[in-house]
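Coordinates in review
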Amino acid sequence: MESFSSRIGNGLQHMSESLFVGMCQMVGTLKQVVIRRETVDINDMLNRQIKTNNKVIRMLSGSRREGFRLKGSDLDYMYWPNNHRVIIDISQYCNTANTTLILSDSSESPPGFALLELLTRSKCREVQLACVTMNDRVYISSSTFRQLTCSSLIPNSIEHGPCGSGYIAETVEYDFAWSFVSDCWPPSASSWIDRCHSWPGPEVVDDIIRNGIHFVAIGHPLGPHTNEEWRISFSQAEYKIVNSMNHCQFLTYGLLKLFLKEVMNQQSEDANKLLCSYHMKTTVFWAIQQNTLPHWCPQNLLAGFWVCFKLLLKWVYKGVCPNFFIPQNNLFLTKIHGPAQNRLFLQLHALYKKGLACLLQSSSIRSYIIDVLYNPTLSICTDESTMRSQVDYDVELVKEASMVSIHTTNLFRLIKAIHTLEQLVYSPLTHYQAVTMRKVTATLFQYTAFQLQNLYTNTVCNKQLYIADKISCQMLKLAAKFGCVSDMLYIAIYYYKTLRYREAFIVLEMTKVKLAQPYLMYRGRVDRERYTEAVGGQSWSTKMRQAVACDVRLSNKIGYISDLLLEQQSALHDMAIPVLFIPVFVMLHFLEFLCYRHVDTTLSQAALCELQILVHHDQGQFVADIFRDISWEILGICQQITGNLRAALYSYKQSLTQHPINNIQTATHRRIQDILSHQ
């Protein structure tokens, strides 16, 4: 009987095509990956331009930035003080009152690491406390700085490499790394520039060099100054290089990540896995640059994987994994040596002897190979336009655009942000960036409208209040035009806040009709046929206004509904998620209840009944599991308002058992205590 290995060898290209299609389904088509990257890029660009005077810059990094959306992937962010700059050479020194200068000194450090000497005074408390004196010079200690900043964003984070690490709401793992930025390219990485003859291209190389590097707070374990040294991070450069890959190369990278997770790590008995995703990325970079495979195309996906696998095996055998930018920096040096190296090599070599049949051990990959093995004449189309419908791309774009957030609620900065957006409208934007801009514009108008109203509520001048109210109303109506169906609810919230209940009813009824349409797209769910019939081929502005709904987000730094202020205050200390996420249908019934109780108690009770049925019986269609904490909380608030304290107590207790995504537990406990104290 013909073995798996020989059958794989006979139909390698056919199986590669099948796996290419499978990877497009698991990882994403080129168009999906482009949507993800462009929405992240526009988000970063907007926040940087809006907050140019801000003390801290934030950048999404890691696999999500690269375009992956694999289950279980970390949320990686880099932060750095905007008024600190690292220079590589003392000749670059320039005396400036607004910028703290730091000198990189790599003379005594292992390749890829450096000491950071503080040249000018820093106003940053963490920098001041992390200073140490060596040889009559002041340096910033990486270990002390890391300890001081580890939990600065999210309390109780633990140190993980250079990062503060933990879980958001017990579900999403995060790694937040503080760093210092340098606009200079390090001499130790100059050989990388010389190697870039054909890949990446000269424009990419120039862009990478122009954008510089970062220094993250961790030293080399074998270096002479482990606690003081900083590691050079090429995170921005790596993202740009991944962007320059063709889609087959990107999927090869994705295939290696899946292979590591589902085959190698499943076999490994070591608690601390020796290989990581960064090693896989480094392998792909070197394989592409060394031109080991002439054509990276769907027919050669398996060949590309095998080239990378053999390179990795060679590195493990030698105990050397050269950093892509600084080859002298051996990424295996401290972990993969001695008995651990030998075990890893034996594991890899056993897989190598199986040939490409080793991929059959991957639960995600197996079926795409077996389908072709048992049906060699199976027709496979690698044209990506046939793999996903336009509705799929609409779902992807809505999901990614909804994740874009503006990290300011300061009224002055909001007005500045609106002017920034106005200027960007005239700059060249891709289709996906333009859609994302619409969503961002709606959010900015909403934030500004409520901040204006809050600012002038207690003013003694009725004329100022009237003007502010008129501007706020206009902004919220414009936001509804720029945004989606659910953005109409912010108008209803504003009318409720300003005691205009009848105006709120009208908006709520209009919103309710739109939310009841059978073609509505909400949380990725949509009747594709009806959606296509209703809005297929129409502009994105029409699609969003007529057929798209998103969860309601309330910034915890802005007052919207007095009945939710306790929950917002409870969640304020969570810097990672500074908003309340409320399912759109929960908010709809909540607002109906609040408005009707001032006008018609029967209708108010009916709205409460609808809310209760929704929260108690929905199976995730309208109330996502991760947002059940706030949904039970809102139901409890409504029940407490009506005097049904027993039901309210039950709802609050249910809220405490859910994923704490909104971080409202403190508020829930207070509400429970309030009920118990009155019984």
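Residues numbered from 1 in each chain as written. Predicted model: local features only at pLDDT ≥ 70, side-chain atom pairs only at ≥ 80, totals over all residues. Heavy atoms only, no water.

With that out of the way, let us pick up the overall build of the protein. If you tally the helices and strands in the protein, you get 28 helices and 16 strands. Taken over C-alpha atoms, the radius of gyration comes to 28 Å for the protein, in line with the 26 Å a tight globule of 679 residues would show. Dimensions of the protein along its principal axes, counting C-alpha atoms only, are 80 × 75 × 55 Å. Evaluated residue by residue, the protein yields a buried proportion of 56% over its 679 residues. Put simply, the protein shows about 29900 Å² of open surface, and 52% of that area lies on carbon and sulfur atoms. Between the averaged position of the 63 positive side-chain charges in the protein and that of its 56 negative side-chain charges there is a distance of 2 Å. (Helix = DSSP H or I, 4+ residues; strand = E, 2+ residues; numbered from the N terminus. Rg over C-alpha atoms; globule rule 2.2 N^0.38 Å. Buried < 20%, exposed > 50% of the residue type's maximum accessible area, 1.4 Å probe, protein only. Areas by Shrake-Rupley, 256 points an atom, 1.4 Å probe, with all protein chains shown as cover. Lys, Arg positive; Asp, Glu negative; His and termini not counted. Charge placed at Lys NZ, Arg CZ, Asp CG, Glu CD.)

The next point concerns the environment of Gly636. Among the structural elements, Gly636 can be located in helix 26 (residues 628-642). With relative accessibility at 0%, the residue Gly636 sits in the buried group. Separated by 383 residues in the primary sequence, Gly636 and Tyr253 have C-alpha atoms spaced 48 Å apart. Once residues within four sequence positions are removed from consideration, Gly636 is found in contact with Ala648, Ser651 and Tyr652. (Contact = heavy atoms within 4.5 Å.)

As for its position among the elements, Lys240 is in helix 9 (residues 235-244). Filtering out sequence-adjacent residues up to four positions away, Lys240 remains in contact with Val204, Asp207, Ile208 and Asn211.

It is at 9 Å that the axes of helix 3 (residues 30-50) and helix 16 (residues 411-424) come closest, and there the two elements cross at 125 degrees. In this view, helix 3 runs oblique relative to helix 16, as classed from their interaxial angle. Crossing of helix 3 over helix 16 shows right-handed handedness. On helix 16, the residues that touch Met45, Leu46, Gln49 and Ile50 of helix 3 are Arg413, Lys416, Ala417, Thr420, Leu421 and Leu424. For the contact of helix 3 with helix 16, a count of residues per class yields six nonpolar, two polar and two charged. (Axes fitted to C-alpha atoms, helices over the stretch in contact; angles between N-to-C directions. Parallel < 35°, antiparallel > 145°, perpendicular 65-115°, else oblique. Left-handed = near helix turned anticlockwise from the far one by under 90°. Nonpolar A, V, L, I, M, F, W, Y, C, P; charged D, E, K, R; others polar.)

Right, let's get into a nonpolar patch on the surface. A contiguous nonpolar surface patch, about 290 Å² in accessible area, is contributed by Tyr466, Ile467 and Ile471. Within the secondary structure, Ile471 is located in helix 18 (residues 462-482). Given a relative accessible area of 38%, Ile471 falls into the partly exposed group. (Patch = residues over 30% accessible without salt bridge, like charges linked within 9 Å, V, L, I, M, F, W, Y side chains within 5 Å. Salt bridge = Lys/Arg side-chain N within 4 Å of Asp/Glu carboxyl O.)

On to helix 13 (residues 338-353). Helical geometry note: an α-helix holds 3.6 residues per turn, so side chains three or four residues apart project in the same direction. With 16 residues, helix 13 extends 23 Å between its outermost C-alpha atoms, agreeing within 8% with the 22 Å of an ideal straight helix rising 1.5 Å per residue. Within helix 13 the residues assigned to the buried category are Ala340, Gln341, Leu344, Gln347, Leu348 and Leu351. For helix 13, the arc enclosing every buried residue in end-on projection is 130 degrees, short of the 170-degree limit, so these residues lie on one face. Residues of helix 13 that are exposed and point more than 90 degrees away from the buried face comprise Pro339, Leu346 and Lys353. Along its buried surface, helix 13 packs onto helix 10 (247-267) and helix 12 (301-318). One or two positions beyond helix 13, positive phi appears at Gly355, with a value near 70 degrees. (Expected span 1.5 Å × (residues − 1). Arc of directions from axis to C-beta.)

Let us look at the side chain of Asp175. In this fold, Asp175 is placed in strand 10 (residues 172-182). Buried and unpaired, Asp175 has no salt bridge, with Arg231 as the nearest side chain of opposite charge at 9.9 Å. Engagement of the side chain of Asp175 in a polar contact is seen with the side chain of His160, the distance being 3.2 Å. Every residue in contact with Asp175, bar those within four places of it in the chain, is listed here: Asp74, Leu75, Asp76, Tyr77, His160, Cys163, Gly164 and Ser165. (Polar contact = N/O pair within 3.5 Å; in protein donor to acceptor, adjacent residues only side chain to side chain.)

Each regular strand carries side chains that alternate between the two faces of the sheet. Most of strand 2 (residues 75-81) sits inside the fold, with seven of its seven residues counted as buried. Neither face of strand 2 is open: one carries Leu75, Tyr77, Tyr79 and Pro81, the other Asp76, Met78 and Trp80, and all of them are buried. Alignment of strand 1 (residues 56-61) against strand 2, held across six bridges, turns out to be antiparallel. Considered in strand 2, the bridge of Met59 is made with Met78. In this structure, strand 2 lies alongside strand 10, joined through five bridges in parallel fashion. Bridge pairing in strand 10 places Met78 opposite Ala177. (Pairing = 2+ DSSP bridges.)

What follows covers the state of the cysteines. Tallied over the entire structure, the rule returns zero disulfides. In this structure Cys150 is a free cysteine whose sulfur lies 9.2 Å from that of Cys163, the closest cysteine sulfur available. Cys381 takes part in no disulfide bond, and the closest cysteine sulfur, belonging to Cys24, lies 11 Å away. (Disulfide = S-S within 2.5 Å.)

Before going further, it helps to spend a moment on the pattern of salt bridges. On inspection of all chains with the given rule, the structure shows 20 salt bridges. For Lys281, the salt bridge identified is with Glu66, shortest N-O distance 2.7 Å. Of this pair, Lys281 sits in helix 11 (residues 277-289) while Glu66 sits in helix 4 (residues 62-66), placing them 215 residues apart in sequence. The same class applies to Lys281 as to Glu66, namely buried. When salt bridges that share partners are traced, they join Asp41, Asp44 and Arg65 into one network.

What follows is about helix 25 (residues 601-617). Taking 1.5 Å per residue, 17 residues should reach 24 Å; helix 25 reaches 24 Å between its end C-alpha atoms and fits that length. Of the positions making up helix 25, those classed as buried are Ser604, Ala607, Leu608, Leu611, Leu614 and Val615. Around the axis of helix 25, the buried residues are gathered within 125 degrees of arc, so they sit on the same side. In helix 25, those exposed residues whose orientation departs by more than 90 degrees from the buried face are Thr602, Ile613 and His617. Summarising the contacts, the buried residues of helix 25 are in contact with helix 24 (584-596) and helix 26.

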